[in-house]
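Listed below, chain by chain, are the residues.
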Amino acid sequence: MVPDVRTITAAEFPDWLRAKHTGFLQASTGTEQEAERRLPHTDLARTQGAFDGGRCVATFRSFAQELTVVGGATVPADAISNVTVSPTHRRRGLLNRMMATDLAAAKERGDVVATLIAAEYPIYGRYGFGPAAWTTEWEIDVPRAGLDPRWSGPSERDGGRIDLVSGADVRKLGPLLHDRLRARQHGAINRDARWWALNTGEIQPGPETWTEPFFAVYTNAAGEVDGLIVYRADANWGDAKQPLNRATVLGQIAVTPAAERALWHFVCSIDWITTVRSGYRAPDDLLPLLLPDPRAARVVTQADWLWVRVLDVVRALEARTYAVPGTLTLDIHDTTGLTVGRYRLEATASGATCTPTTSDADLALDVRELGTLYLGDESPARLAALGRVEELTPGAVATAEAMLRAGRRAWCPDMF
């Protein structure tokens, strides 16, 4: 029998969670309790499952999101998560059916893009998604970093200070601080009140015991909080009773270079900490160069992170800004038909316009490459060299390179 793909009911949510855990190779115990916690915050109209003989064998969920684009504007996004197919039902087209339903609904709803974080690289390109933002994690050898071991906080000239605060404090000051960050960081997404409650211990994320991390904030000389760092530390001592403790940063928000410098120097100055893991950061994060010896920070993770699928070419291209004025006509291929066509983009210092056209195209590309280029992180010249962007008008790749690239790299601080 062909499995039935449809939205789920509240009664089916525990079985849907069991299938999700199966797909992610996780234990499926406690799904009834998990369902009680998660169901009030799950939009069942956007939660699909595939059912075979009454048993859920594939899962898919989406929810509303705001994505910051180049220039600081936000666009409505269809955020996709919890995508699984049980190992007994692979290669039967179940994901194809769920994805087609979701993207069509998102297009009809007026979402400009769809987003996801891919567990596996090869899957989502065939649905029009492209990797639009990458992430990097560093490990810092603190003794080698060259920092003053006595104190590495704000300088006297800076006038700022660092204070440890509680989770309740973070729930008050964190949302505004994050909104300041995402107003300037393309690739960032919004966080709701539940996100802050889950990440500060107000709501337990699961049956496991909550371990309170350390929260520290940077306040500038004017008394405004410009930065936040969240970290945990282990208790590892060597055979000679020497401390070998590691601090793992769970998150850091800094809206000024002074705050960024002060927070990284602070976490590297904590007694007994000999290693710091940065957590997932922007690929061009300032961190290594904030150390007297940047070689003390080695890259331990470098990978694709946020994937973008453009649903509305006109609104997507008009929402972002461009490095230089210019005009490009793009021939977009899209096997789903959601965005197929030619579009003329005209960028000026005062904004951009994009209109469907029948004029000759300058560049031809698949919608997945448009997603890869959308946040200004990838090079059109590189994609052209790979044969993934076709230059139809001489010089068009160079024009795209000048127009589309952003000064800093895209970054999404969040997993979803």
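Scroll up for the structure.
Treat the numbers as computed from the prediction; the structure is a model and nothing was measured. (Residues numbered from 1 in each chain as written. Predicted model: local features only at pLDDT ≥ 70, side-chain atom pairs only at ≥ 80, totals over all residues. Heavy atoms only, no water.)

A.B. asks: So, the sheet that holds strand S3 (residues 55–68): which residues are in play, and what are the values?
C.D. replies: Pairing is mixed in the open sheet, where twelve strands are placed in the order S1-S2-S3-S4-S5-S12-S6-S11-S10-S9-S8-S7. The sheet is open, and its two edges are formed by strand S1 (4–7) and strand S7 (161–165), each paired on a single side. Looking at each pair of strands side by side, their axes are set apart by 25 degrees on average, direction ignored. Both strand S9 (residues 225–233) and strand S10 (residues 245–254) contribute to a ladder of seven bridges, which runs antiparallel. Its bridge partner lying in S10, Ala233 is registered against Ala247. Running over the sheet, helix H3 (residues 94–109) touches S1, strand S2 (47–52), S3, strand S4 (74–85), strand S5 (113–117) and strand S12 (297–310) and is turned about 165 degrees from S4. (Pairing = 2+ DSSP bridges. Helix = DSSP H or I, 4+ residues; strand = E, 2+ residues; numbered from the N terminus. Axes fitted to C-alpha atoms, helices over the stretch in contact; angles between N-to-C directions. Contact = heavy atoms within 4.5 Å.)

A.B. asks: Describe in detail the sheet that holds strand S13 (residues 326–333), supporting the description with residues and values.
C.D. replies: Reading across the sheet, the five strands line up as S15-S14-S13-S16-S17 and stay open at both edges, with mixed pairing between neighbours. Of all strands in the sheet, those with a lone pairing partner are strand S15 (351–356) and strand S17 (389–391), marking the two edges. Pairs of neighbouring strands in the sheet enclose a mean axial angle of 25 degrees, with direction left out of account. The sheet contacts of helix H8 (residues 367–374) involve S13, strand S16 (363–366) and S17, and relative to S16 the element is tilted by about 100 degrees.

A.B. asks: Describe the packing of helix H1 (residues 13–23) against helix H2 (residues 31–38), and please don't skip the residues or the numbers.
C.D. replies: Between H1 and H2, the least distance of the axes is 9 Å, while the angle of their chain directions is 110 degrees. The pairing of H1 with H2 is recorded here as roughly perpendicular in orientation. Classified by chirality, the crossing of H2 by H1 is right-handed. Across the interface between the two elements, Phe13, Pro14, Leu17, Arg18, Lys20 and His21 of H1 pack against Thr31, Glu32, Glu34, Ala35 and Arg38 of H2. Here the contact of H1 with H2 is built from residues that sort into four nonpolar, two polar and five charged. (Parallel < 35°, antiparallel > 145°, perpendicular 65-115°, else oblique. Left-handed = near helix turned anticlockwise from the far one by under 90°. Nonpolar A, V, L, I, M, F, W, Y, C, P; charged D, E, K, R; others polar.)

A.B. asks: Account for the environment of Gly53, with residues named and values stated.
C.D. replies: Mapped onto the elements of the fold, Gly53 is located in the loop between S2 and S3. Taking relative accessible area as the criterion, Gly53 reaches 82% and is therefore assigned exposed. For Gly53 and His41, which are twelve residues apart along the polypeptide, the C-alpha to C-alpha distance reads 28 Å. (Buried < 20%, exposed > 50% of the residue type's maximum accessible area, 1.4 Å probe, protein only.)

A.B. asks: Quick rundown of the layout of surface pockets? Include the residues and the values.
C.D. replies: By volume, the second largest pocket amounts to about 330 Å³. In this structure, the second largest pocket is lined by 19 residues; those nearest its centre are Arg184, Gln185, Ala254, Glu260 and Arg408. Taken together, the elements giving at least two residues each to the lining of the second largest pocket come down to S10 and helix H6 (257–267). The leading source of residues in the lining of the second largest pocket is S10, at three residues. Along the lines of polarity and charge, the residues of the lining of the second largest pocket split into eight nonpolar, four polar and seven charged. (1 Å grid on protein atoms, 1.4 Å probe; cavity = no way out; pocket = protein on both sides within 12 Å on 5 of 7 lines; lining within 4 Å. Points joined across faces, edges and corners; volume = space filled by probe spheres on them.)

A.B. asks: Explain the pattern of salt bridges residue by residue, including any values.
C.D. replies: The full count for this structure, using the stated rule, is 31 salt bridges. For Asp293, the salt bridge is made with Arg144, and the minimal N-O distance between the two is 3.8 Å. Taken together, the residues Asp293 in the loop between strand S11 (273–277) and S12 and Arg144 in the loop between strand S6 (130–141) and S7 connect sequence positions 149 residues apart. For Asp293, a relative accessible area of 25% gives the class partly exposed. For Arg144, a relative accessible area of 43% gives the class partly exposed. Beyond isolated ion pairs, a larger network of salt bridges with shared partners links Glu137, Glu139, Arg246, Arg277 and Arg298. (Salt bridge = Lys/Arg side-chain N within 4 Å of Asp/Glu carboxyl O.)

A.B. asks: So what's going on with unusual backbone geometry? Which residues, and what values?
C.D. replies: In this structure, Asn82 takes a positive phi of about 55 degrees despite not being glycine. Take Asn82: it is sitting in strand S4. Relative accessible area serves as the criterion here: at 11%, Asn82 is assigned to the buried category. Not every positive phi belongs to a glycine, and Lys241 is a case in point at roughly 60 degrees. Note that Lys241 resides in the loop between S9 and S10.

A.B. asks: Please give an account of the environment of Ala104 that cites residues and values.
C.D. replies: Mapped onto the secondary structure, Ala104 falls in helix H3. You can call Ala104 partly exposed: its relative accessible area is 39%. Here the alpha-carbon distance between Ala104 and Gly326, two residues 222 residues apart in the chain, equals 32 Å.

A.B. asks: Before we move on, could you go through the nonpolar core and cite the residues and values that matter?
C.D. replies: In summary, soluble globular proteins display a tendency toward joint burial of nonpolar side chains. Counting residues in hydrophobic clusters, the biggest one holds 44 residues, and the most contacted among them are Leu67, Val113, Leu317, Leu363, Tyr374 and Leu375. Counting 27 residues, the second-largest nonpolar core is a separate cluster that includes Ile140, Leu263, Ala296 and Ala297. (Core = buried A, V, L, I, M, F, W, Y, C linked by side-chain atoms within 4.5 Å.)

A.B. asks: Report on H8, specifying residues and quantitative values.
C.D. replies: Across the eight residues that make up H8, a large majority, seven, are buried. Two to three positions downstream of the cap, the backbone nitrogen of Arg368 sits 3.0 Å from a side-chain oxygen, assigning the N-cap of H8 to Asp366. (Polar contact = N/O pair within 3.5 Å; in protein donor to acceptor, adjacent residues only side chain to side chain.)

A.B. asks: Lay out the packing of aromatic side chains in plain terms, naming residues and giving numbers.
C.D. replies: The tally for this structure, following the rule as stated, stands at ten aromatic pairs. Look at Tyr124 and Tyr127: their rings are 6.4 Å apart centre to centre, the planes differ by 55 degrees, and that puts the pair in the tilted class. Taking relative accessible area as the criterion, Tyr124 reaches 7% and is therefore assigned buried. The exposure class of Tyr127 is buried, given its relative accessible area of 8%. Taken together through their ring pairs, the aromatic side chains of Tyr124, Tyr127 and Phe129 make up a single cluster. Here the guanidinium or amino end of Arg6 rests over the ring plane of Phe51, the centre of that ring lying 4.2 Å away. (Phe/Tyr/Trp six-rings, centres within 6.5 Å; stacked < 30°, edge-to-face > 60°. Lys NZ or Arg CZ within 6 Å of the ring centre and 35° of its normal.)

In short, shape yes, function no, at least from these values alone.
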